[in-house]
Amino acid sequence: MFKKAAEAKLHQRLSGADRKKLKRTVKGRFPGASDADIDVLLPPKVELSVAKFQNRVHIYSLEGGFPMFFDVDGRGTEVFPTVFALWMVPELLPAFVLKGGEVSRFVIGGADLMFPGIHVPAEGLPSFLSGEPWAVKVPGNPSPIAVGVTTMSSTEALKAGLRGKALRILHYYRDSLWESVEGHYVPNAGFLEDVVYGDPALASSSQTDNSCEGTDEASNNEQNDINNKEVGGSVNETTSDVLDELGTPLTAQADSSTDKIVSGMNDLNVVNDIPPEESNVQHTLSTEDVDMLLDKCLLQALHTTVKDKDFPLPGSTLWSNHVLPCRPPGMTLDIKKSSYKKLSKWLQAKSSTGLITVKEDKHKKETVLYSVNRKHPDYTSFKPEKPQVEKIDQIDNHAPKESSSNKMLEVTEIYKPSVHVNPIFVAVGADTSKLYTAAEASDIVFKYVEKEKLDKLTEKFKVVLDAILCDALFKGAIKKGTTYPTEIHKKDIGSTFISRMQPHHVVTRGSESVVRKGALKTIQIMTERRQGNKKVTRLSGLETFLLDAEALASELQKKCACSTTVAELPGKKGYEVLVQGGVIDDLARHLVEQYGIPKKYIEVLDKTRK
């Protein structure tokens with residue numbers, strides 16, 4: 001889930017009500033957690049924020065930038081703790097223990113956990129159900145390295161002979177979610193890495209001179225006794241399970257090395273003793289630092305994301321969509337901690353320097369950005385940082401192959417120039433035979449406006465229409481007897497221009513991609529009654545999203561425990577899947593979760609409801 005880095009579309013601070021709701025969700029999700037454990041993970045006096053991503057994932061973090069929980073679908077039903085949270089409260093989740101360090105290499109490489117890689121104790125594995133959250137630990141280390149969800153129950157696992165996939169890994173040590181805490185203090189992170197990957201120094205230390213054992217034995221035992229009180233285990237119990245990097249039990253001569261591993265891992269729990277108020281003291285910025293960071297983020301936004309066509313731009317939109325995304329990774333930007341205290345005062349201060357022009361909207365009582373002085377010394381002297389290019393990791397040969405249902409779906413709406421807008425494309429030297437995205441098409445019309453100098457001098461947020469632009473936007477769309485407009489608002493010109501082009505769409509799933517003419521058709525899910533007052537659910541429009549009707553019918557038959565059939569659509573191309581029963585909600589949820597179909601492309605109709 002977090003193999004690749006992604007940019008959040010929204011960052012916001014949790015309100016008091018949302019904070020209480022999150023705590024209730026965590027308590028309900030993890031009933032074994034005490035109130036003290038919840039306060040350690042979600043300190044009462046520390047601000048919480050949520051980052052929302054395009055794939056509906058929500059990440060809840062502390063003010064210092066430490067992610068504590070993530071919500072898979074943003075609904076609050078599938079909330080999981082991060083590895084960092086489990087380092088603070090290791091017993092929050094039950095955990096599978098790996099056979100050795102060699103297995104951990106694949107887990108932290110992004111592969112799912114298989115049953116043959118799990119250490120099975122003499123009394124057998126504990127009972128569990130399918131879909132439960134579990135953690136993954138390495139031998140002798142109380143701090144988990146991964147979080148996932150079980151793919152089958154313990155009963156099913158025994159029937160399968162403890163073979164197959166045990167845990168679908170959602171988040172692991174050193175993935176993109178973990179990397180978001182880079183630059184912050186992480187206790188004993190380097191030592192954990194040695195244990196996860198296998199530290200040759202630990203293995204060789206058993207062969208050193210034992211002449212000092214008598215001197216250090218008492219202090220080591222005393223330290224281990226203290227550490228065991230924190231972990232809740234004994235040295236003998238932990239030592240008996242410690243395996244080396246190749247999964248072989250360590251010999252008795254390596255007891256001193258084992259003590260070091262156990263002691264070092266138990267030190268991770270020291271973070272629990274830090275009061276919540278003091279845990280992020282070292283990450284707080286001074287007022288001057290916050291002011292400098294605000295100016296840097298504003299200049300970065302003005303150079304990279306804020307375009308002249310966006311004006312007038314409300315201050316709240318400028319802050320949430322442009323300034324906040326430009327802050328350094330892992331940093332929290334709070335206007336209240338600056339010398340300005342308020343967003344409006346900050347923008348007015350920048351306006352007084354001549355960098356930007358802002359006015360207050362008296363109706364909405366909000367500061368609005370109207371223009372940017374791109375010749376201002378602060379603007380010209382600032383060098384914007386280049387956005388980080390996302391690297392595509394090569395797939396590990398040992399990782400399980402991705403099934404067709406889990407292949408990433410990409411839907412892109414594109415447009416082709418029509419006879420109405422061709423003169424605009426020709427005027428700016430653009431190719432009229434190409435396909436353009438909405439943003440690219442919008443840039444074309446604004447290039448024309450800039451070339452012909454059509455900005456209205458008295459009202460900069462309006463464009464004066466010349467004959468060519470007026471025909472491109474309104475010819476044939478204005479009723480007879482109606483006067484053609486002479487100007488248009490900048491915020492309307494892009495959408496009007498795009499509506500005059502020919503719509504197309506590109507659908508990509510895995511390596512398969514197709515371009516079709518026309519607007520994207522939705523998937524229809526309809527429940528109706530048949531003879532004998534029985535319900536049947538019809539599913540059609542699958543071809544649009546490159547779904548195989550036969551494969552989906554077989555999958556739904558198992559999931560819904562009911563009969564399914566596939567039939568040709570009468571008078572149309574394509575097939576429909578018929579599912580016995582009123583399972584309209586289940587089908588919609590399955591398409592969203594398993595195939596990544598956006599909700600806006602699913603049309604639901606229940607004819608059985610009055």
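This text follows the structure it describes.
Computed from a predicted model, the values in this text were never measured in an experiment.

Draft legend 1. Focus on the overall build of the protein chain. The number of helices and strands found in the protein chain is 21 helices and 24 strands. With 610 residues in all, the protein chain has 41% of them scored as buried. Summarising the internal contacts of the protein chain: among those between residues at least 6 apart in sequence, 60% fall at separations of at least 24. Here the protein chain has roughly 33,300 Å² of accessible surface; of this, 51% comes from carbon and sulfur atoms.

Draft legend 2. How the structure looks around helix α14 (residues 343–352). For α14, every residue scored as buried is listed here: W346, L347 and K350. Along the axis of α14, the buried positions cluster into a sector of 95°, meaning they face one direction only.

Draft legend 3. Focus on the sheet that holds strand β19 (residues 512–517). One open sheet holds the four strands; their spatial order is β15-β14-β18-β19, and the pairing between them is antiparallel. Looking at which strands have only one partner, the edges of the open sheet turn out to be β15 (436–437) and β19. Alignment of strand β14 (residues 409–416) against strand β18 (residues 502–509), held across eight bridges, turns out to be antiparallel. When the sheet's bridge partners are listed, T412 is paired in β18 with V506.

Draft legend 4. Examining the nonpolar core more closely. Counting residues in hydrophobic clusters, the biggest one holds 61 residues, and the most contacted among them are L41, M68, F69 and L113. If one sorts the elements of this core by residue count, helix α3 (residues 83–88) sits on top with six residues. Each residue touching F69, except ones within four places of it in the same chain, is listed here: V26, F30, L41, L42, H58, I59, Y60, V79, F80, P81, T82 and L92.

Draft legend 5. Spatial organisation of helix α20 (residues 549–560). Given a rise of 1.5 Å per residue, 12 residues ought to cover 16 Å, and the 16 Å separating the end C-alpha atoms of α20 matches this to within 8%. Those residues of α20 not exposed but buried are A549, L552, A553, L556 and C560. One face of α20 carries all of its buried residues, which in axial projection span an arc of 100°. Exposed residues pointing more than 90 degrees away from the buried face of α20 are listed as E550 and K558. Summarising the contacts, the buried residues of α20 are in contact with β21 (534–540), β22 (564–568), β23 (575–580) and α21 (584–595).

Draft legend 6. Quick peek at the pattern of salt bridges. The tally for this structure, following the rule as stated, stands at 20 salt bridges. The salt bridge partner of D35 is K27, with a shortest N-O separation of 3.2 Å. Classification of K27 as partly exposed rests on a relative accessible area of 39%. Residues participating in the shared-partner salt-bridge network are K456, E459, K462 and E487.

Draft legend 7. View of the pairing of β22. Across five bridges, the pairing between β22 and β23 is antiparallel. Across the sheet, E568 pairs through a bridge with Y575, a residue of β23. From the end of β22 to the start of β23, which pair antiparallel, there are six residues, and G571 there has a positive phi angle of about 75°.

Draft legend 8. Structural context of the packing of aromatic side chains. Summed over the entire model, instances satisfying the criterion amount to 11 aromatic pairs. Measuring from centroid to centroid gives 5.6 Å for F96 and F128, while their planes differ by 85°, and the two rings are edge-to-face. Taken as a pair, F96 in strand β6 (residues 95–97) and F128 in the loop between β7 (113–114) and β8 (133–137) lie far apart in primary sequence, 32 residues in all. On the basis of relative accessibility, which here comes to 3%, the residue F128 falls in the buried class. With a centroid separation of 6.2 Å and 85° between ring planes, the pair formed by W319 and W346 is classed as edge-to-face.

Draft legend 9. Here's a closer look at the sheet that holds strand β11 (residues 313–314). The three strands are arranged β11-β13-β12 in an open sheet whose pairing can be described as antiparallel. Either end of the sheet is taken by a strand with one partner, and the two such strands are β11 and β12 (356–361). Here β12 runs beside strand β13 (residues 366–372); their pairing, made up of six bridges, is antiparallel. Its bridge partner lying in β13, D361 is registered against E366. Sheet contacts for α14: β12 and β13; angle to β12, the most-contacted strand, approximately 140°.

Draft legend 10. Just the pairing of strand β3 (residues 58–62), in detail. Burial within β3 is extensive, with five of its five residues counted as buried. Burial along β3 is two-sided: H58, Y60 and L62 facing one way and I59 and S61 facing the other are all buried. Note that strand β2 (residues 48–52) and β3 share five bridges and pair antiparallel. Of the residues in β3, the one forming a bridge with V50 is Y60. With antiparallel pairing between neighbouring strands as the criterion, β2 and β3 make up a hairpin whose turn holds five residues, including R56 at a positive phi of roughly 75°.

What counts and what doesn't
- Every chain is numbered on its own, with residues counted from 1 as its sequence reads.
- Local features in a predicted model are, by the rule used here, given only for residues with pLDDT of at least 70; side-chain atom pairs are given and counted only at 80 or more, and totals for whole chains, interfaces and linings are based on all residues.
- Computation of side-chain values covers all heavy atoms of the structure but excludes hydrogens and water.
- Only DSSP runs of H or I with at least four residues qualify as helices, and only runs of E with at least two residues qualify as strands; both kinds are numbered from the N terminus onward.
- Relative accessible area decides the class of each residue, using a 1.4 Å probe on protein chains only: under 20% of the type maximum gives buried, over 50% gives exposed, and in between gives partly exposed.
- The contact definition used throughout considers only heavy atoms, calling two residues in contact when any of these lie within 4.5 Å.
- All accessibility values rest on the Shrake-Rupley procedure with a 1.4 Å probe; residue burial counts only the protein chains present in the view.
- This arc corresponds to the set of directions leading from the helix axis out to the C-beta atoms.
- Criterion used throughout: strands pair if DSSP finds at least two bridges between them.
- In these notes, a set of buried Ala, Val, Leu, Ile, Met, Phe, Trp, Tyr and Cys residues joined through side-chain atoms within 4.5 Å is what counts as a nonpolar core.
- In this analysis, the expected span of each helix is defined as 1.5 Å times one less than the number of residues it contains.
- The term salt bridge refers to a pairing of a side-chain nitrogen on Lys or Arg with a carboxyl oxygen on Asp or Glu at a separation within 4 Å.
- Two aromatic rings from Phe, Tyr or Trp, using only the six-membered ring of Trp, form a pair when their centres are within 6.5 Å; if the ring planes differ by under 30 degrees the pair is stacked, by over 60 it is edge-to-face, and anything between is tilted.
- Between the N-to-C directions of two axes lies an angle of 0 to 180 degrees, each axis being a line fitted to C-alpha atoms and, for a helix, fitted only over the stretch in contact.

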